[in-house]
Amino acid sequence: MQHVHNQWILTPSDIVDHIECEYRTWLNLQVLNGTLPAPSEDDAQSNMLSRLGNEFEQSYRTELESQNHTIWQAQPWGSLKDRWESSRQALMQGIPV
């Protein structure tokens, strides 16, 4: 979740978080407003979950590639607006993955 140029930018994870727990959204807003400190992400459990998630995503990508699926790779650089526009164009082109 980001607040850029007086607009809220939500990720799919932000939306899922809100559906699962409105209080989590409230907490995230408090962190963005500076009312609460951001939670520490440098702990063993967070690191393990991040590592396992990355391993799963790479494994799934490898599986899709072995089935000759077209896979679009988002660019990790550029402004948020540029990355958003790049993603939007990929969706408009009908790239399946």
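A brief structural summary. (Residues numbered from 1 in each chain as written. Predicted model: local features only at pLDDT ≥ 70, side-chain atom pairs only at ≥ 80, totals over all residues. Heavy atoms only, no water.)

Here we look at the environment of threonine 11
Relative to the helices and strands, threonine 11 is located in the loop between β2 (7-9) and α1 (12-20). By relative accessible area, threonine 11 is classed as partly exposed at 34%. Measuring from C-alpha to C-alpha, the distance between threonine 11 and leucine 27 comes to 16 Å, with 16 residues separating the pair along the chain. (Helix = DSSP H or I, 4+ residues; strand = E, 2+ residues; numbered from the N terminus. Buried < 20%, exposed > 50% of the residue type's maximum accessible area, 1.4 Å probe, protein only.)

Notes on the environment of proline 76
Counting through the fold element by element, proline 76 comes out in the loop between α3 (44-66) and α4 (80-93). In this structure the C-alpha to C-alpha distance between proline 76 and arginine 61, which are 15 residues apart in sequence, comes to 17 Å.

Observations regarding the packing of aromatic side chains
Per the stated rule, a full pass over the model turns up two aromatic pairs. With centroids separated by 5.6 Å and ring planes inclined at 15 degrees, the aromatic side chains of tyrosine 23 and tryptophan 26 adopt a geometry described as stacked. Of this pair, tyrosine 23 and tryptophan 26 both sit in helix α2 (residues 22-33), three residues apart, which is roughly one turn of the helix. Assessed through its relative accessible area of 43%, tryptophan 26 is described here as partly exposed. Pairing phenylalanine 56 with tyrosine 60 gives two aromatic rings, centres 6.3 Å apart and planes at 0 degrees, and the pair type is stacked. Of this pair, phenylalanine 56 and tyrosine 60 both sit in helix α3, four residues apart, which is roughly one turn of the helix. For phenylalanine 56, a relative accessible area of 57% translates into the label exposed. (Phe/Tyr/Trp six-rings, centres within 6.5 Å; stacked < 30°, edge-to-face > 60°.)

Some thoughts on the side chain of aspartate 14
Along the chain, aspartate 14 turns up in helix α1. The side chain of aspartate 14 is buried and forms no salt bridge, while arginine 24, the nearest opposite charge, is found at 8.6 Å. Separated by 2.8 Å, the side chain of aspartate 14 and the backbone nitrogen of threonine 11 make a polar contact. Once residues lying within four places of it in the same chain are set aside, the contact partners of aspartate 14 are Met1 and Ile9. (Lys, Arg positive; Asp, Glu negative; His and termini not counted. Salt bridge = Lys/Arg side-chain N within 4 Å of Asp/Glu carboxyl O. Polar contact = N/O pair within 3.5 Å; in protein donor to acceptor, adjacent residues only side chain to side chain. Contact = heavy atoms within 4.5 Å.)

Re α2
Over its twelve residues, α2 extends 17 Å from the first C-alpha to the last, a length consistent with the 16 Å expected when each residue adds 1.5 Å. A positive phi of about 85 degrees marks glycine 34, the residue just after α2. (Expected span 1.5 Å × (residues − 1).)

Side note on the pattern of salt bridges
Applying the stated rule across the entire model yields five salt bridges. As a salt-bridge pair, arginine 24 and glutamate 20 come within 3.4 Å of each other at their nearest N and O atoms. Given a relative accessible area of 31%, arginine 24 falls into the partly exposed group. Take glutamate 20: its relative accessible area is 56%, and that puts it in the exposed class. Glutamate 85 is the salt-bridge partner of arginine 88, the closest N and O atoms lying 2.7 Å from each other. Of this pair, arginine 88 and glutamate 85 both sit in helix α4, separated by three residues, roughly a single helical turn. Through salt bridges with shared partners, one network takes in Asp17, Glu20 and Arg24.

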